[in-house]
Amino acid sequence: MAADLNLFITEATIEGADDGPLAGTTVAVKDNISTEGIRTTCGSEMLADYVPPYSATVVDRLTEAGATVVGKTNMDEFGMGTTTETSAFGPTRNPADPERVPGGSSGGSAAAVAAGEVDVALGSDTGGSVRCPAAFCGVVGIKPTYGLVSRYGLVAYANSLEQIGPIAGTVEEAAAALSVMAGPDPNDGTTRDPSEVDGATGSAGDADYAAAADGDVDGLTVGVPTELFDGADERVVETVRDAIDGLVARGAETVDISLPSVEHAVQAYYVIAMSEASSNLARFDGVRYGHRADADGNWNETFAETREEGFGAEVKRRILLGTYALSAGYHEKYYDKAQDARAWVRQDFEDAFADVDVIASPTMPVLPFELGEGLDNPLRMYLADANTTPVNLANLPAVSVPAGEADGLPVGLQLVGPKFDERTVIRAASAVEAE
Ligand code: GLN
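Remember, it's a predicted structure, so these values are computed and weren't measured experimentally. (Residues numbered from 1 in each chain as written. Predicted model: local features only at pLDDT ≥ 70, side-chain atom pairs only at ≥ 80, totals over all residues. Heavy atoms only, no water.)

(A) Quick look at the pattern of salt bridges. Applying the stated criterion across every chain, the model contains 15 salt bridges. With a closest N to O distance of 3.6 Å, R100 and E370 form a salt bridge. Placement of the pair is R100 in the loop between β3 (68–73) and α3 (107–114) and E370 in the loop between β9 (358–362) and α11 (378–383), with a sequence separation of 270 residues. One salt bridge connects R380 with E373, and the closest N-O pair in it is separated by 2.8 Å. Owing to a relative accessible area of 35%, R380 belongs among the partly exposed residues under this scheme. A single network of salt bridges, built from pairs that share partners, joins D97, R100 and E370. (Salt bridge = Lys/Arg side-chain N within 4 Å of Asp/Glu carboxyl O. Helix = DSSP H or I, 4+ residues; strand = E, 2+ residues; numbered from the N terminus. Buried < 20%, exposed > 50% of the residue type's maximum accessible area, 1.4 Å probe, protein only.)

(B) Structural context of the site of the ligand. Taken together, 15 residues lie near the ligand, and T126, G127, S129, Y157 and Y269 sit nearest. One of the backbone nitrogen or oxygen atoms of T126 is found 2.7 Å away from an oxygen atom of the ligand. Between R318 and the ligand, the recorded distance is 2.9 Å, taken from a side-chain N or O atom to an oxygen atom. Taking 290 Å² as the accessible area of the ligand by itself, protein coverage stands at 99%. Most atoms of the ligand, that is more than half of them, are within 2 Å of grid points of the largest cavity. Here the shell around the ligand is composed, by residue class, of four nonpolar, eight polar and three charged. (Near = heavy atom within 4 Å. Polar contact = N/O pair within 3.5 Å; in protein donor to acceptor, adjacent residues only side chain to side chain. Areas by Shrake-Rupley, 256 points an atom, 1.4 Å probe, with all protein chains shown as cover. 1 Å grid on protein atoms, 1.4 Å probe; cavity = no way out; pocket = protein on both sides within 12 Å on 5 of 7 lines; lining within 4 Å. Sits in = over half its atoms within 2 Å of the grid points. Nonpolar A, V, L, I, M, F, W, Y, C, P; charged D, E, K, R; others polar.)

(C) Inspection of the state of the cysteines at higher detail. Enumeration over the complete set of coordinates arrives at zero disulfides. The thiol of C42 is not disulfide-bonded; the next cysteine sulfur, from C132, is found 18 Å away. C132 forms no disulfide, and the closest cysteine sulfur to it belongs to C137, at a distance of 8.6 Å. (Disulfide = S-S within 2.5 Å.)

Below you can see the structure in the form of C-alpha cells.
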C-alpha cells in the first residue's frame, strides 16, 4: 500500500539517541533537508546523486532528542508546486484517496504521516508547503514564525519566506517536535530567541510547545477574515465554519475582520519567490553542484545543457520569470512592487492582531486535486496558495489542523498568530482537534 503511494525518494536510517523527549519516535525528512551521507535530491534530476557532507540542524536536534530518521520524502522539485507532481521521481498519492494529490510541496511527508508510516515528518513551508499537504492529507502541520527554526542545511528555494516545520497526526505530537527543533542556531544568522524579540510572547528557553496543546480557548478572540473565505469551495467553507463554531462552543469569541492586502498576496509571493529562486538556483551549473551534461562544447554550452537536462518544466519557468522580474528596467515594476505589497500584508496582520488573538480560515480554498488536474494549468495551482502565502509574506506562525471532511476528503483549518506566538495557535488548533 505505502509503496504504491510513492512516499519516499530514499529509505535510509539515522538512529536517534537512546533517550530524550522523542525517544521511539520515527521521523521522515523532506528531501530538501540535508542528511549526512544520505542523498538529498530536492525532488530533482539535478541532485539525483547529491550526498550532503553534513546534516541540517533540525535533523541533528531531532536525532539527539531520540527520534530516528527513516527516510527522505518525495516533494515538488525544489519545493516548487502544490501537488508533489513536479517531482522528478513521480507523483505521491494521497492516502485519503489515491486518485488525488497529497498537496505540496511536502506531499511525501504529509502522506507518510497520514498513511501511518511515521510519527512525524519534516516539511518546508515557503508559501504553504507544510500546511497545504497537511490539509489535503488530513494531518497537522505547523509553519513556525520566520526565525524560530534554523534553516541551516535546508536547500534554499526562497530564503526570505521559508521555514522548516513539523507534520504529525496530532497537534501535540507536532508541537513536541517543534519544541526540539526551535531556537537560535549559530549557523543561521536569521534565527532568534523569541524571549529577546520585542512584543513576542514566546520563549525558546522553556519552549514546551506541546504543553500549549491543552484545548483551552476560553476567552480567546478569533478573527475571521472575509477575504480568505471569498471564492473558496462551498464545501470547504462550510466545514471550516462548523469547526470555528466548535471553538465558540468552547468559550472562544469570533470577530469578522478584513485584511484587504491579502487579495494581492499571491501575486506578490510569486514575484518574490521566483526572484529569490532564480538567484538561489544559479549554483546548480554542473560545476559547483549537481548533474553535469555530457557536452563537449564550451563552458556556456555545458552550462545550458546541464540546466536543460537537470531541471523540470516548473523550475525552468520560475527561473525565467524570476530573472525577468529582477532584470534592469523591470525590477521597479515587479520586484519592488511586490516588496511594497509584502510590507502592506505585514501591516494588515499587525493591525488585525491589535484586536484578535488568532485568525482562522480555510488552509486551502479547494479540496485535493485529482492527479494530473493541475500540471498543465500553473496559474490555477498558484491561485490555490491564496490563503497560505500571506502568512509567509508576514513571517507569522500558522497551523493547519483537520477541520473535518467534505465528500469524504480532508479539509484543513488554518490558524495564524502574532509573531513568535506559536503557543496561541497551537492551543487553538488543539481545541479544533478536540471537537
Ligand atoms: N505552492 C507554493 C509554491 O509553489 C509553495 C511552495 C512551498 O511552500 N515550498 O511556491
